[in-house]
Amino acid sequence: MRKLAQIILATLPLFAFAADGDGIGSAEDVSGTSTIDSVPLANGSALAVGDRIDVGPASSSSFRLTNGYIFSLGENSSLQALSYVFSPSGATPNASRFNITEGSVRVVPSAQNPGELVMVTPLGEVLSSSGAFAIVICGANCTGRKGVFVSILSGSVVITNRSGVVVGENGQTFFLGSFETTPQLLTDVPAFVTTAIGAFPALPSPGGGIGGNPVDSIVLDFLAGVCEVSVSPSQPPAICDR
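Enquirer: So what exactly am I meant to see when it comes to the pairing of strand 13 (residues 132-138) here?
Expert: Consecutive side chains of a regular strand alternate in pointing toward one face of the sheet and then the other. Most of strand 13 sits out of view: seven of its seven residues are buried. Residue alternation in strand 13 divides its side chains into two sets, Ala-132, Ala-134, Val-136 and Cys-138 and Phe-133, Ile-135 and Ile-137, and both sets are buried. Strand direction decides the pairing type here: strand 10 (residues 95-108) and strand 13, joined by five bridges, are antiparallel. Paired with Gly-103 across the bridge in strand 13 is Ile-137.

As structure tokens, this is what we get:
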């Protein structure tokens, strides 16, 4: 029986499913005043599932996750880690889910450990497996156009809300103004959005963290689901015509 147990354990996939309180990364490049669950943030502070990071005025911080992803937060931002699965062996698909409610964030994926990442915003979700992107939220205290701005910095990402689904490509910026309108491709990006994105640290060089797939596997998997007739029988999103 002991021998059988050893064989079973040896064949189990190696992966880490992080529950609340489990460490999934650490802070770096902390500048100004920030907190993690109301505790002052410093370089090396551990991030766990369930934690909320709040970045103060004229402040910024970054997090390097155990899967190699790098999150950079701008001033007056609030981000929470909702779930996290990382499989160093690749036996189990990597997947993580975060929620940003205000401010700005840039996500740089790991070329070595790609996986499904979902960033929840007040007006929709951004899904990526190897595309880098930035989100800028213009909320109550913002003097610009109110809503959520998503800029794709490399590869492709899916942007979705209850009104539709779009695939964003490198160099494009989309605007989410409400749940009732499909994400809109912008031809003129507001200056405050480009300023917020320009304030992030320099992007890693190609191969150092940014994936190069033109259309990510998560994009294809996601579209395969939403374009099923059983899922959208009356009016499937326009992206299904691609």
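Enquirer: Got a minute to help me understand the side chain of Asn-67 in this structure?
Expert: Locating Asn-67 in the fold gives a position in the loop between strand 7 (60-65) and strand 8 (70-73). Separated by 3.0 Å, the side chain of Asn-67 and the backbone nitrogen of Tyr-69 make a polar contact.

Enquirer: Any chance you could explain the state of the cysteines here in plain terms?
Expert: Chemically, a disulfide is nothing more than a covalent bond linking the sulfur atoms of two cysteines. Enumeration according to the criterion identifies one disulfide in this entry. What pairs with Cys-138 in a disulfide is Cys-142, and their sulfur atoms sit 2.0 Å apart. Negative torsions about the S-S bond denote left-handed disulfides, and the value of about -95° found for Cys-138 with Cys-142 makes this one left-handed. There is no split in this pair, since Cys-138 and Cys-142 are both buried.

Enquirer: Can you help me understand unusual backbone geometry in this one?
Expert: Peptide bonds are trans in most cases, and residues, glycine excluded, mostly fall at negative phi. The residue Asp-37 is not glycine, and still its phi comes out positive at about 50°. In this structure, Asp-37 sits in the loop between strand 3 (34-36) and strand 4 (39-40). Assessed through its relative accessible area of 42%, Asp-37 is described here as partly exposed. The backbone of Asn-76 shows a phi angle near 55°, a positive value even though the residue is not glycine.

Enquirer: Explanation requested: the pattern of salt bridges in the structure shown.
Expert: Two side chains carrying opposite charge are able to pair once their charged atoms lie near each other. The final tally for this structure, using the stated rule, is four salt bridges. A salt bridge links Arg-64 to Glu-28, with the nearest nitrogen and oxygen atoms 3.3 Å apart. Highlighted residues: Arg-64 in strand 7 and Glu-28 in strand 2 (residues 23-31), separated in sequence by 36 residues. We classify Arg-64 as partly exposed; its relative accessible area is 40%. Judged by relative accessible area, Glu-28 falls into the partly exposed class, the value being 22%. Between Glu-180 and Arg-162 there is a salt bridge whose closest N-O contact spans 3.6 Å. A residue pair is termed long-range when its members are at least 10 positions apart, and Glu-180 in the loop between strand 17 (173-176) and strand 18 (184-185) and Arg-162 in the loop between strand 15 (156-161) and strand 16 (164-169) qualify at 18 residues.

Enquirer: For this particular structure, what's the right way to read the nonpolar core?
Expert: As a rule of thumb, soluble globular proteins bury nonpolar side chains together. One finds Ile-53, Phe-71, Met-119 and Ile-135 to be the most contacted residues of the largest nonpolar core, which totals 36 residues. Setting aside anything within four residues of it in sequence, one finds Ile-135 in contact with Ile-100, Gly-103, Ser-104, Val-105, Met-119, Thr-121, Val-126, Val-148, Phe-149 and Val-150. By size, the runner-up hydrophobic cluster in this structure holds ten residues, among which are Cys-138, Cys-142, Phe-175 and Val-193.

Conventions and cut-offs
Residues numbered from 1 in each chain as written. Predicted model: local features only at pLDDT ≥ 70, side-chain atom pairs only at ≥ 80, totals over all residues. Heavy atoms only, no water. Buried < 20%, exposed > 50% of the residue type's maximum accessible area, 1.4 Å probe, protein only. Helix = DSSP H or I, 4+ residues; strand = E, 2+ residues; numbered from the N terminus. Pairing = 2+ DSSP bridges. Polar contact = N/O pair within 3.5 Å; in protein donor to acceptor, adjacent residues only side chain to side chain. Disulfide = S-S within 2.5 Å. Salt bridge = Lys/Arg side-chain N within 4 Å of Asp/Glu carboxyl O. Core = buried A, V, L, I, M, F, W, Y, C linked by side-chain atoms within 4.5 Å. Contact = heavy atoms within 4.5 Å.

So yeah, pure geometry; function would need other evidence.
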